[in-house]
Amino acid sequence: MTDLRRSVLDVHGRRSGLGSSSKLDYTPIRWSEYFDSEETIITSSGNFHVYSKGHEGPILLCLHGGGYSGLTWALFAAEMFKVIHCQIKAVDLRGHGNTHTDNDYDLALDRMTYDIVQVGNALAAKSNSPIILVGHSMGGAVAVESAYQIPSVVGLCVIDVVEGTAMDALSSMQRADRLILKAFLMLSSGVLKGGQTHNLEAARVSMPGQIVNMKTNKLAADECEEIDMDSIDLASSNSKTLSASSFTLTEVIEEVDESQEVDKNPEAVKKLEAGKQREADLKREADKKRDADSKRDADKKREMDKKREADKKQEGGKKKEVDKKRKVDKKQESDETSDANTENTEDESKTQKPDKKREADKKQKVGKKRETGKKLDDKKADKKQEVAKKLDSEEDMDDVEVDDKQEIDDKQETADKQEADDKQEVDDKQETVDTSEDTEDDASEQNGDQKPQPYYKPDMTPEERIAIACSSNYACRKPPLPVSSGSSSSFKIPTNVSKVDEGPQYTWRIDLSKTEKFWTGWFKGLSHKFLELRVPKILLLANIHGLDTALTVGQMQGKFQLQVLAKSGHAIHEDQPHNVAEILSGYLVKQKLAKPKADFVHSLPAC
C-alpha cells in the first residue's frame, strides 16, 4: 500500500465524519446550522453574498478555492468561534455560490482582487474591526494580492497553495476536470459523488453551495429545506467513490469501509485492486484523449502551414500580375504620349500652309454658301405649292370620313362573332371534361375507389374550372392527405404516458474549464508576493513536499509559520476543521490579533 493511500485511509483509525455503519446519510445540511446570518455586499461589479458568524473581535475574511463556495468554511467557522472572539465572514467569490456580477466567468486575479478589496473595505468600515485574510487554493492567491491593497489587514493565512506545485499541477487540473461528473440526478448524489472532501459532514453542508438546479437555476443550498431526500445505502451499490475535485493535488482514491484491517482483509484488497484498475483505465483514457488532442492539434498546425504557404504563393502570383499590369500601363501611357506629340507636330505643319491656299479655301466656302441659299429658296416655293393643293382637297374630306366609319363598323362585327365562337368552343371542352369525369367516377365507384371531387367557386371562369379539373391531384388521381374526424390541426401530446427518469436535475454552479486561461495568472509569482508581505502570516499544507525553494528559505529565515497536516486532501479546512481551527487560533492569540475564549487550548507549533 502506498504512503498516500495509507495516509488517506488512515489505517490507525477512521477518517473524520465517516461512521461505521454501511448506511451513510448523504442528505444536505442547511447552512444556518453553522452560520448566524447571510448578507449581501453591493459593489460596482455586482452583489457579493457573505455568510456571517459572530459580532465582535477581528474579521476573519475567508476566501474559498475555485469551484467551492463560502459554505466550504462552515465546519471551520463553528470550530473557530468556540475558541476565540472573532467575526467570520465567508464570501462567495465571483461566479460562485449566490454571488452575481457583471461577468461571472472573468476570474482574472486582478479582477477578483478588486472585488475583495471592495468587500473587505465595506466590512471593515461597517464594524470598525481589523481583517485577517484566510484563503484556500485560488482564494489563497486572491488573499495574498488583496493584503497589499486593504489597509485594515493585520494577518494572513494561506491554505494548501504554493506557486511551484500549483504551476506543475495545472496539467493534472485540466485532465481531472474532464473526468469529473458534470451533472447529478439528485441533490444527495452531488454530496456523494462531488468528491471534494474526505469529511462527510463537510460535504453535506459544502456541496449544496456548489451546484444549482438545472430547471430553476437556483442554488441547491437554498433548496435544502424544500426537497424531501432519503439517505443513500452504500451497500446497495457495487462501488462508491469520493473523488478529488479539479483542484485536488492528491490522486483519486477508493473508499474502503473497514480501514483498520485493510491489509489483511481479502475483500478490502480486492476493492483496492479494483480501484487501481479503474484508475489505470481512467489514466489510459485520459492519455488516449490527450494523444488524440495533440495529434489533432498537429494536423491542424500542418493544415494551417499548408494554407499559409498557399496564401503566400497566391499573394506572390497576384503581385506578379500587378507588376505586369503596371508595366503594360506605363508602356501604354508612353505610346499615348508619343501619339499626342505626333498630332501636335502635324497641326503645326498644317498652320504653316501658304496664304494662297487659305484664300482659295475662303472663296470655295463663299461659293458653297450661295448655292445653299438658292436651294433654300427653291424649297420654300415647293412648300407654297403643296399648301395650295391641300386647300383644294379639303372639299372631298366628308366623303373620306363616311368610308372610314363604315370600315370600323365591319371590323367590330367580325370581332364580336369571333368572341362568340371562342366561348362556344370553351363550353364544349368543359362539357367533354365533365362527361369524362362522370365516367371515371362511375368506374372508380364500381371498383370500390373514391376519387376526390374538385371544388368550383360560383364565380369561376371556364378557364379556371378547366385548370382545377386538370390539376395534378385530380388528373393523376392523387387524393389529398386524410384528415380524421374531430382532429385539430395542432399535435396533441399523449396524456397517458407515464413519467420515468427525467434525467439529471443538478449541475455545477460554474464550469471551471471555461476559466482555464486565468489559471496561470493565479499562481505566477505567488511565493515572492507572500514572502514580501509585512504582516504576520501562516501557511498550512497537506504535504511537506509541496514547499518550493523560495518558501523553504523564507521559512528557515522565520518570515512565516509553516504547519503541515497529514492525512488530508486538498481541502484541509474541510477534512480537519478542528485541527485547522486549533492551529490558526493559537497563532492569532500568539500574535495578539485575537482574544481566546474559555475553551481555548494553545497548541505548540510544528512542521
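Heads up: the structure comes first, above all this text.
Residues numbered from 1 in each chain as written. Predicted model: local features only at pLDDT ≥ 70, side-chain atom pairs only at ≥ 80, totals over all residues. Heavy atoms only, no water.

J.: Lay out the packing of aromatic side chains in plain terms, naming residues and giving numbers.
T.: Counted by the stated rule, this structure contains five aromatic pairs. Arranged with centres 5.5 Å apart and planes meeting at 55 degrees, the rings of Trp31 and Tyr51 form a pair that is tilted. Of this pair, Trp31 sits in the loop between strand S1 (23–24) and strand S2 (37–42) while Tyr51 sits in strand S3 (residues 46–53), placing them 20 residues apart in sequence. Classification of Trp31 by relative accessible area gives buried; the value is 7%. For the ring pair Trp522 and Phe523, a centre distance of 6.0 Å and an interplane angle of 85 degrees mean the geometry is edge-to-face. The exposure class of Trp522 is buried, given its relative accessible area of 1%. Through a chain of ring-to-ring contacts, three or more aromatic side chains come together here, namely Trp31, Phe35 and Tyr51. Note that Lys514 overlies the ring of Tyr105, its terminal NZ or CZ placed 5.5 Å from the centroid. Between Lys597 and the ring centre of Phe81, over which it is positioned, the NZ or CZ distance is 3.7 Å. (Phe/Tyr/Trp six-rings, centres within 6.5 Å; stacked < 30°, edge-to-face > 60°. Helix = DSSP H or I, 4+ residues; strand = E, 2+ residues; numbered from the N terminus. Buried < 20%, exposed > 50% of the residue type's maximum accessible area, 1.4 Å probe, protein only. Lys NZ or Arg CZ within 6 Å of the ring centre and 35° of its normal.)

J.: Give me the lowdown on the pattern of salt bridges, citing residues and values where you can.
T.: Pairing between side chains becomes possible if they bear opposite charge and their charged atoms approach one another. One pass over the full model with this rule turns up 14 salt bridges. Here Asp106 makes a salt bridge to Arg111, at a shortest N to O gap of 3.6 Å. Among the ionic pairs, Lys529 bridges to Glu145, the shortest N-O distance being 2.7 Å. Here the residue Lys529 occupies a position in helix H15 (residues 526–532), and Glu145 occupies one in helix H4 (residues 138–147), the gap between them amounting to 384 residues. When salt bridges with common partners are traced through the structure, they connect Arg94, Asp102, Asp106, Arg111 and Asp115 into a single cluster. (Salt bridge = Lys/Arg side-chain N within 4 Å of Asp/Glu carboxyl O.)

J.: Now, about the pairing of strand S4 (residues 59–63): what can you tell me, with residues and values included?
T.: Among the five residues of S4, five are classified as buried, and the element is accordingly described as predominantly covered. Bridge analysis of S4 against strand S6 (residues 87–91) gives five bridges, and the strand direction is parallel. Residue pairing in the sheet places Leu60 in a bridge with Ile88 of S6. The pairing of S4 with strand S8 (residues 131–136) spans five bridges and is classified as parallel. The residue bridging Leu60 from the neighbouring strand is Ile132, located in S8. (Pairing = 2+ DSSP bridges.)

J.: So what's going on with the pairing of strand S16 (residues 537–541)? Residues and values would help.
T.: With five of five residues buried, S16 lies mostly within the body of the structure. Inspection of the sheet shows strand S9 (residues 153–159) paired to S16 by four bridges, in the parallel sense. Residue pairing in the sheet places Ile159 in a bridge with Leu540 of S16. Note: S16 against strand S17 (residues 561–564), four bridges, orientation parallel. Of the residues in S17, the one forming a bridge with Leu539 is Leu562.

J.: Describe unusual backbone geometry, naming the residues involved and giving the relevant values.
T.: Despite not being glycine, Asn128 shows a phi value in the positive range, around 55 degrees. Relative to the assigned elements, Asn128 resides in the loop between helix H3 (109–127) and S8. Residue class for Asn128 comes out exposed when judged on its relative accessible area of 70%. One non-glycine residue, Lys567, adopts positive backbone phi at about 60 degrees. Tracing the backbone shows Lys567 in the loop between S17 and helix H17 (572–575).

J.: Explain the packing of H3 against H4 to me, using residue names and the numbers behind them.
T.: Following both chains from N to C, one finds H3 and H4 inclined at 65 degrees, their axes separated by 9 Å at the closest point. Between H3 and H4, the crossing angle belongs to the class labelled roughly perpendicular. Of the two possible hands of crossing, H3 and H4 adopt the one that is right-handed. Taken together, the residues of H4 that come into contact with H3 (itself represented by Leu109, Met112, Thr113 and Ile116) are Met138, Ala141, Val142, Glu145 and Ser146. (Axes fitted to C-alpha atoms, helices over the stretch in contact; angles between N-to-C directions. Parallel < 35°, antiparallel > 145°, perpendicular 65-115°, else oblique. Left-handed = near helix turned anticlockwise from the far one by under 90°. Contact = heavy atoms within 4.5 Å.)

J.: Before we move on, can you summarise the packing of helix H2 (residues 74–83) against helix H18 (residues 577–590) with the specific residues and values?
T.: Interaxial distance between H2 and H18 falls to 9 Å at its minimum, and their mutual angle equals 45 degrees. The angle between H2 and H18 falls in the class oblique. For H2 against H18, the interelement crossing comes out right-handed. Note on element contacts: H18 touches H2 through Pro577, His578, Val580, Ala581, Leu584, Ser585 and Leu588, opposite Leu75, Phe76, Glu79, Met80 and Val83. Of the residues belonging to the contact of H2 with H18, the class tally is nine nonpolar, two polar and one charged. (Nonpolar A, V, L, I, M, F, W, Y, C, P; charged D, E, K, R; others polar.)

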